[in-house]
Structures are given as C-alpha cells and as structure tokens.
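In case you want the letters, here they are:
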Amino acid sequence: MGRTESLDPGLRDLLSRLRDRVRRYIVWDSLLAIAALVLVVFWVALAVDYLPVRIGGSEMPRSARAVVLFVVAGLIVLILAKWLWGRLNRELPDDSLALLIERHHPSLGGRLVTAVQLTQENRTHDSHSPVLLKHVHQEAAAAVDQVDFGRVFRWEPIRCKLMLVIPLLLAALVMGIASPQTFARAVGRLSLLSDSPWPRKAALEMIGVESPIITADETEEVGTELLTFENKVLRLARGSSTTLRIRAATEELGHIVPEVCTVSYVDDGGNRGQSNLRRVGRIQDGYQSFVLDGPPLATLSESVTMTIRGLDDRLLDYRIEAVDPPAIADMELAIRYPDYLRIFADDGGASDIADQVLKYQAGFRIREGSSLTLRGTSSKPLGAVDVATSSDNAIAEEDPEGASLSPQVTISDDRMSFEWSVTDLREPTSVRLVPRDETGISAQASYRYFIGVVRDQVPETSMTMKGIGSSITPIAMLPIQATAKDDYGVESLSLTMAVRASEEIATANAGTQPEDSITEPQQHTISPEMDRDGNAAWTFDLRDLTDDGIVTGLAPGASVQIFTTAKDRFDLGEPHLIRGEVVRLEVVTPETLLATLERREQEFRSRLEQAIDETQRLRQSLAAVQNDALDVLQNGDQETPSADDEEDSENADEEGDADQETDDEENVRARQRVQLRIRQAELQATKSTEELAGIVVGLEDMLLEMVQNRVDSVDRRERLEAGVRDPLSKVVTEPLPRLQRQITSMERVLMADDATESSSEEMKDAATAAIATTDEVLLSLNAVLEKMLDLESFNEILDLVRGLINDQEELIEQTEETRNQQVQDLFK
C-alpha cells in the first residue's frame, strides 16, 4: 500500500475509517452466515429428530446426526476460510477506497481519487501543475464531511442474514429459557454429546429374556434365569423357548401405560412377523410388566432382530442370536469288572485299566459291582457338564448300596470331551447329563443313559443218591452225585452229613456227655473236588465212619440228614452261601430194610399182574379188530366197480344211485370204527410198555439199594436179576416195540385208498402177527410172574425164620434179665 503522508489528514482519516468498516463488514457478514447456517441446521435437524417421535416414529439415528454435524462443521470451515480469512487478507489500497467513495458520491467529481493518486510515492511520469494539484487537494478535503459511509456498503445481505438469524436465535433463546432440559437434550443429541432419547408419553424399558434353567436333576422344580442384553445383543440356544420381558412406566412416573405393546421381528432367513405382548401382574414400583412367550422366542430356530413399539416409545434393534447348543455326539463306556469276577484276570494289578470299552447302546447292562466310566464327546467346546443320577432306591451322589458316584465331571484340556465315573455300581442307574458351552448355553434337554445291572445270582446246588431210599442200615454206603452251578463259577462245594442218635442212645449217653452235645446232631463235612462243570462225587461209608470214630450213634432209630452247601466268589456284601435240599434218611435194621424191599417187590408183582391183565384184553381186542377189518375190506372189494359195472351204473335209475350212496357211507363209518379200535390197541400197547419199563427201573433200584445197604445175598440178587428183571427188560426192548409196529401196519392197510383183494390178505397177515406177538409177551410175563410168586414163597419162609430168631433173642434177653434179678435178690 502506498504512502499517504502528503495527503491531507482529513482525507487520510477518511480512508482509514472506510478500511476499518470494510473489515468489520466482512467479519459480521461471515459470522452471520455461520450463525444462520448453525441455526438453520439446528432447527431442521431438531425437527427431523423430534417430530417423528411425536407421531410414533423414532429419533434420527446417531449415524445420521453425525453426518449432519460433519457437514455443518465442513461448511463453517469453508465460510471461515473463504468468506472471512480470505477476504480479510486481501489488500485495500487508498486509490481503491477513494474510487469506492467516488462511485457512491458523484459530487466529488474525481477530486478525491486525483488527490490520492497524485500524492502517492513512487509515482512518476505524471505531468501536472502543483498549484492545480494543491487546489484539487483542498477541494477534496473540504468535501470530506459530505461522505456517507452508509451509501458505500450493501446492507441487503446483512439484513437478510439478520432476518434469518434473529428469529431463529430468539426461538432458541426462548426454548432454552422455557425448557432448559429440552434445549440441552437437543444440543447434546445434535452435537453427539448424548444419545438420550426424547421424552415420550410412554416409557418402555427392556428387562431381558427369562429362560428356563435346564438341569440334570429332575427332583428340583424347573427354575428360570433372567438374561440381559449386552449392547442390544443376546445369545440363546437354538431350539429354546424363552419369555421376553419389558416394562412400561406408569402415571406415577409421569408416563402413560400403553394398552398394547407390539414386537416386530425379522429373522436371518427374511421371515417377518409381529406379536403382541401381554400384561402380567400388577403395577409394582411404578412399572407395568409385559411379556412375550410366543413367536419368535417359542422354539427359537433362527437369529432374529426385534423392535418393540408401545404408544410413541420404541425399543429398537434388539437382536437375539440363535446359537447351536452343545450336544453329546458320542458316548463310550469303559467298564472294569469287580474283583470277584477278575480272579483269573492278568492286568498286572493295575486298578485303572478297563476290561471292556464299547459304544453305549440302549438296554446296556453291566455286572453287579463293576466300575463304569462314561466318556462323552461334545459337538463344541464345553464349559461344564451337569450330572444327576437316580436309581430304584435313591437319587443321590452316594448310592445306599455302596456305589460311589462322582459328583464332578472331568473335562479334557481341549474342552471337547469329558468323563464321569462310578465305582461299585449295584443298582440300575439312570444318568442324566446336561452339557454347557463356555458361554453358559446348555442343551435344551438332558441326555439320558440307563445303565442296567446284572445281579450276581446265588449258586444252585442239587444232590442225588442212586440206590438209596428213605431207610438205610447202619453200615450202608451212601453214593452222592452233587452238582453246583453259578453264573460266574462256584468257589466251593461241601457235603454235610448230620447224624441224630436215637432216643435210647441219647438217654444212655446222658450221664457221660454234655446236654448240648446230646441234643445237637453230629456233623461230618467234606469238600469233594469238582470238575469244570461243577459236578462232584463222594460216598459216605457209614461202616468206615463208625469204625474210625468220626460218627457215633448210628443205630436203628437214628436219623441221617445229608445236604450240600455251595458258595460263589461274590464278595461285595453278604456271601452267597446256599444250602441245597436236605435228604432225610432213617436208620433201620437190615431185617426192617429187607421187609420194606419185600413190600416193594409185592407192589411190583401187583403192577405186573395188572399189566398181564391189560395185555390179555389187548389180545382179545386185536382178535375182534381182525374180524371187523376183514369184513370191511371184503365189502369194499365187492363194491369196487369194473368196466361193465360202470356202464351199468350209467344206465341205473335214481333209486339205485341212492342205495349205492347209502352203502358207501355205511362202509366208511365201519372203517372209521375199526380204525378207532386199532388206535386204542396201539395206545394200550404203549401204556403196557411204559408200565413194564417202570417195573424194570424199580427192580434195578431195589437191587442197587440192597447192595448199597450191604444186605444183599447172592441167591436173592441172582433170583431177582435172572428171574425177574432180565426177562422183563427183554420184553420191554424187543416184543413190545415190535407189537406197536405191527398194530401201526394194520391201520395203514385198513386206510389204504385202493382197497383190493390183496388188502384183505395183508390185514389178515398183520393181525395174525400182532396176535402172535401178544401171545409171546403174555407167555414171558406169566413166566416172570411165576418166578415172583416163588420168590414170595421163599420170602415168607424167610419171614418165619426171622420171626423164630427174634423170638429166640427176646427169650434169651428175658432169661438174662431174670437171672440178673435173682442174683440181685441174693444180696438183699
């Protein structure tokens, strides 16, 4: 800018004042522009943010408000850079200012411009008269008072800006004075200093989602837990059914409770819908609760985004993410058998080695007392596994029978598998598992695994004594065949013989033995060696036992009890010790035993006589059947038509045909009657065979009983064997089976379809052979009967001799008693 020292001070002051006013004009113009921009944007953004709330909409989102704020800030920077800073930095030379004044004051006639320009320094090549310049200079200075700065500036832009700024500013001031909170909320929201929503008639508040607590323990009531949203996001298990809870402020808090609250939702699959929430309960603490227990939270399948509306309030963009719950993908069972089942196991004494590892299957059962480890594999990393067990007797962590149930589940380092163990399991147990992932999401139902228990059964034992009846002699041999069976093997088998002396012997020993030893039976127990099948054989020789002094009191009148005792390897509680059936034997004299056997022999004779009588009736029946069968077959031969008869029958009249049909029916009925009688004969032959076989078995037992009791004689045994048992056995094994086959052949010939003349001959031969066999059987049976009668006579003679001997013994005893009495009388 040129120097103006040569200018008149008045002119110089005029230009300086104009320069200052231009700069102030620029500042005010820029500030008003900024104020207009800010106020316009403030009221427009406030309207966009607030007015939708009044009609039930939502506020302007923060992102939109941020865009508005950034645009306004950019425009302000632009105004400051171009309108204010750019114009203030421009030079305002004196000649330009003088020209500006001259433009709006034509009366100066160019004097001010001429005076300013000709007095500038460094100005050359100007030809003028100094006097004239002085004169122009004086005239310009004299006209300074005529200059009006108001005519120099354009006030229209300023006025327009003021007309916009003043009303908006006044409105803002009024709003700030009338409702400071509203003004502060508006400034805070538009400046992004706050996200507080605009006050509404209704005030909704999100409480959370109420979810049932899935536990493994069925004895507890199903509880619920309240899950809250974090940043409007909540994770729930896929397939879960939960309840959404919100609350609305009431008049106590200055709000109106909506009549209906509605949730609008859209899932990730694009499906949309809406549901109404229902009021629940009474107003508490100034709030009314609303719940939603239907879609989309009933059986959640997809992630869903929800917006809840009630009157003019909104709960926007709450998202529930559906997460797959952890699942037990595979279950493996590791079993270790109890010690009583592992007697032959070779595992080096290790107690943690499983004897069996297999996949779980329904209906699985383990041995009583086994240890079990469940090894599960999860579909996702686990945070915890809830476990509960129940059995028939208890639902606890400690089974009353002794099974120790581990309350904790061991989770692997990679969180993908777990183990749960139980030792000494004795009751069928139901195990329920509920896996939870690391975020706390659990399976929506417990996984059930039923473990059955195969209980260890008590052993079974039986005993047979061949050739021993209910009575024995004091010198008998008792051959015993014992068997013991158990599901996992028998540890020991013992045979016990208990001898209870007769009353006479007990009375005689009363003075020499303690009272307890007299009343208690003597017992002798042995443990025979068993084979792999649990069979054992042993013989109690009463004569040897008596001679060795092991057993005393074996005399007529005493009783012997024999029983077996078996024990298995079960060691988890009371031992499985079982006593078999007790066999009671009465000790008798050899004579008494022989008398018993003779009575049994008489029973066999009576049964033989009955069998002979039935066989005789069988022979008579066969003879009658032979005649009837021949008649039936001969009538059938006569009625068999020839070729000529067939031609005659075709020409016969209706009456002849009716007679022919009647004869045929009668022949069929007669054949059926004969067939029935043949079958009755066959049944009788079978019955006789079985009866005679029973007699043979009884005779063999009687012979063996004589041997075992040492009362046998060679003559008696040979007579019974050679004269009775062997002939009867021969009859049972040869003639009687042949007789049954012959009777069957008679029925086959009778019921043949093509009855011819040869059929009659076959029937006659079959019937004749059957009758001949029956005669053979009768002959043999009668011979045996005669032999048994001879033996009976022989036995009667023996009975007479035994009677004489008994009488002699009694007489001798009486004589000795009389002599003893006489001797005692001599000393009196």
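Structure: above.
A brief report on the enclosed structure follows. (Residues numbered from 1 in each chain as written. Predicted model: local features only at pLDDT ≥ 70, side-chain atom pairs only at ≥ 80, totals over all residues. Heavy atoms only, no water.)

**Some words on the side chain of D486**
Piece 1. Mapped onto the fold, D486 is located in the loop between β22 (477–485) and β23 (490–500).
Piece 2. Despite its burial, D486 pairs with no opposite charge, the nearest such side chain being R569 at 6.7 Å.
Piece 3. A polar contact of 3.0 Å, which involves the side chain of D486, links it to the backbone nitrogen of Y488.
Piece 4. In contact with D486, not counting residues within four places along its chain, are D456, Q457, V458, P459 and D568. (Helix = DSSP H or I, 4+ residues; strand = E, 2+ residues; numbered from the N terminus. Buried < 20%, exposed > 50% of the residue type's maximum accessible area, 1.4 Å probe, protein only. Lys, Arg positive; Asp, Glu negative; His and termini not counted. Salt bridge = Lys/Arg side-chain N within 4 Å of Asp/Glu carboxyl O. Polar contact = N/O pair within 3.5 Å; in protein donor to acceptor, adjacent residues only side chain to side chain. Contact = heavy atoms within 4.5 Å.)

**Considerations on the sheet that holds strand β12 (residues 365–367)**
Piece 1. Across the sheet, which stays open at both edges, the four strands sit in the order β12-β19-β18-β14 with mixed pairing between neighbours. If you trace the sheet from one side to the other, it starts and ends with β12 and β14 (382–391), each paired once. Going across the sheet, the axis of each strand differs from the next one's by a mean of 30°, ignoring polarity.
Piece 2. The pairing of strand β18 (residues 429–437) with strand β19 (residues 447–454) spans five bridges and is antiparallel. By the bridge assignment, T429 is partnered in β19 with I451. (Pairing = 2+ DSSP bridges. Axes fitted to C-alpha atoms, helices over the stretch in contact; angles between N-to-C directions.)

**Some thoughts on a negative patch on the surface**
Piece 1. On the surface, E591, E809, E810, E813, E816 and E817 cluster together into a negatively charged patch.
Piece 2. When residues of the negative patch are assigned to their parent elements, the largest contribution, five residues, is made by helix α16 (residues 757–826).
Piece 3. The class for E591 is partly exposed, based on a relative accessible area of 42%. (Patch = residues over 30% accessible without salt bridge, like charges linked within 9 Å, V, L, I, M, F, W, Y side chains within 5 Å. Areas by Shrake-Rupley, 256 points an atom, 1.4 Å probe, with all protein chains shown as cover. Charge placed at Lys NZ, Arg CZ, Asp CG, Glu CD.)

**Looking at the sheet that holds β22**
Piece 1. Taken in spatial order, the three strands of this open sheet run β20-β22-β25, and their pairing is antiparallel. Strands at the two margins of the open sheet, each flanked by one partner only, are β20 (460–464) and β25 (535–541). The sheet shows a mean angle of 25° between the axes of neighbouring strands, taken without regard to direction.
Piece 2. Here β22 pairs with β25 via seven bridges, running antiparallel. Considered in β25, the bridge of P479 is made with T539.

These values are about where atoms sit, not about what they do.
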